[in-house]
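A look at the structure
Below, each chain spelled out in residue letters.
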Amino acid sequence: MLRNATTQYPILLIHGLFGFDRIGKVELFHDVKQALRSAGARVFIPHLSATQSNEVRGDQLLAQIERVLEGTGAHQVNLIGHSQGALAARYAAAIAPEIVASVTSVSGPNHGSELADFLRKALTPGRLPEHVAATVATLFADFLSLLSGHQRLPQNAIAALNALTTEGVGAFNDKYPQGLPKTWGGKGRELVNGVRYYSWSGTLQGDLLDKGLGAVSPLHGFLQAFSRYFTTEAEQNDGMVGRYSSHLGKVIRSDYPLDHLDSLCQTAGPLRKGIDPIALYVQHAERLRNAGL
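This section reports on the structure supplied with the text.

Conventions used here
Residue positions are given per chain, counted from 1 along the sequence in the order it is written. Two thresholds apply to this predicted model, a pLDDT of at least 70 for residue-level local features and 80 or more for giving and counting side-chain atom pairs, whereas whole-chain, interface and lining totals are computed over all residues. Neither water nor hydrogens contribute to the side-chain values; these are computed over all heavy atoms in the structure. We define the nonpolar core as a collection of buried residues of types Ala, Val, Leu, Ile, Met, Phe, Trp, Tyr and Cys that are connected through side-chain atoms lying within 4.5 Å of one another. A simple rule labels every residue: compare its accessible area, found with a 1.4 Å probe on the protein chains alone, to the largest value its type can have, and call it buried under 20%, exposed over 50%, or partly exposed in between. Strands here mean DSSP runs of E at least two residues long; helices mean DSSP runs of H or I at least four residues long; both are numbered from the N terminus. Contact criterion: two residues are considered in contact whenever any of their non-hydrogen atoms come within 4.5 Å of each other. Each axis is a line fitted through C-alpha atoms, taken for helices only over the stretch in contact, and angles between the N-to-C directions span 0 to 180 degrees. Oblique is the label for any angle not covered by the other classes, which are roughly parallel (under 35 degrees), roughly antiparallel (over 145) and roughly perpendicular (65 to 115). By the convention adopted, Pro, Cys, Tyr, Trp, Phe, Met, Ile, Leu, Val and Ala count as nonpolar, Lys, Arg, Asp and Glu as charged, and the other residues, Gly among them, as polar. Each helix should span, by expectation, one fewer than its residue count multiplied by 1.5 Å. Pairing between strands is defined by DSSP: at least two bridges between the two strands are required.

**So, the nonpolar core**
Counting residues in each nonpolar core, the largest one holds 31 residues, and the members touching the most others are Leu-61, Ile-65, Leu-79 and Val-103. Taken together, the elements giving at least two residues each to this core come down to strand S1 (11-14), helix H2 (54-72), strand S5 (77-82), helix H3 (84-95), strand S6 (100-106), helix H7 (166-175) and strand S8 (195-202). The leading source of residues in this core is H3, at 7 residues. Among residues more than four places away in sequence, those in contact with Leu-79 are Leu-12, Ile-14, Leu-61, Ile-65, Ala-89, Ala-92, Val-100, Ser-102, Val-103 and Thr-104. Phe-29, Leu-264, Ile-275 and Leu-280 belong to the second largest nonpolar core, which has 21 residues in total.

Okay, structure coming up:
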């Protein structure tokens, strides 16, 4: 079936922690971007720090939104953020709602990540492990920035970790509550200050865990291991983000059979129970188009 994703406003795909736009011939959102463009959408991928606080990344996003608006002549954009990218998108929409038509959170830790909580507790402030971890993570982020050609972007691994904990995101939500559910596991307001809010995410599936897909893809294996550090949403997480923590605005679905990287189309596993992650992005662009966005 021929898809029509010709949205009124350009779409920006926003990466999360340790993300990048392009390294050599590798593009983080390559297949998604190509599918959206083939369906008629104008698509851009902002360059944000690989490790930073939500506010710093959000300010970087705002600057690049302005450049997209100048280059296209549009007066608003549609933001689709994966993981921490959703928090940058939420910040941009809260600060400048007049230039944001919609925010879509894909596997976003909108109430924090229990995995981040565990890592934060494991790294005792002011002691060697935290310094070592911060140095290694920042060096890795700088390496990604160098390869992707954005050496000037500031990196701060500990700021990024703090920004993803339950406490850190809670403080962020106190400042920028737009689209958040008022009850745990509920839905938020779809339209706030003229901006429409949407979300979708997945969960690790028991049958897939039993089959040991980590043996097929090391990335799947890591996420399966990470899932054990979740307590409040046991077996209801994607390996990095709890199911209900991902809820924002109109919840399209939060239990797709996809792990955290499947929703970015970056794992080697097969399609899960007929779910094509790329098709989800195209279908959502059609949803935005039908909403006049």
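Now that the structure has been shown, we can carry on.
**Observations concerning the environment of Tyr-256**
Turning to its location among the elements, Tyr-256 is positioned in strand S9 (residues 250-256). For Tyr-256, a relative accessible area of 9% gives the class buried.

**Quick notes on the packing of helix H6 (residues 157-164) against H7**
Relative to each other, H6 and H7 sit at 75 degrees, their axes nearing to 4 Å. One element, H6, and the other, H7, form an angle in the roughly perpendicular class. Contacts from Asn-162, Ala-163 and Leu-164 of H6 reach H7 at Thr-166, Gly-168 and Val-169. Looking at the contact of H6 with H7, its residues break down into 3 nonpolar, 3 polar and no charged.

**Here we look at H2**
For H2, with 19 residues, the first-to-last C-alpha span of 26 Å sits near the 27 Å given by 1.5 Å per residue. Turning to H2, its buried residues are Asn-54, Arg-57, Gly-58, Gln-60, Leu-61, Leu-62, Gln-64, Ile-65, Val-68 and Leu-69. Buried residues belonging to H2 abut S1, strand S4 (43-44), S5, H3, H6 and H7.

**Regarding the side chain of Ser-83**
Structurally, Ser-83 is set in the loop between S5 and H3. Judged by relative accessible area, Ser-83 falls into the buried class, the value being 12%. Other than its neighbours up to four places away in sequence, Ser-83 contacts Gly-16, Val-106, Ser-107, Gly-108, Pro-109 and His-260.

**Concerning the pairing of S8**
On any regular strand, side chains alternate: one points to one face of the sheet, the next to the other face. Of all the 8 residues making up S8, 7 are buried; the element is thus mostly covered by neighbouring parts of the structure. Bridge count for S6 against S8 is 5 bridges, and the pairing is parallel. Of the residues in S8, the one forming a bridge with Val-103 is Tyr-197. Bridge analysis of strand S7 (residues 191-192) against S8 gives 2 bridges, and the strand direction is antiparallel. Across the sheet, the residue bridging to Leu-191 is Arg-196, located in S8.

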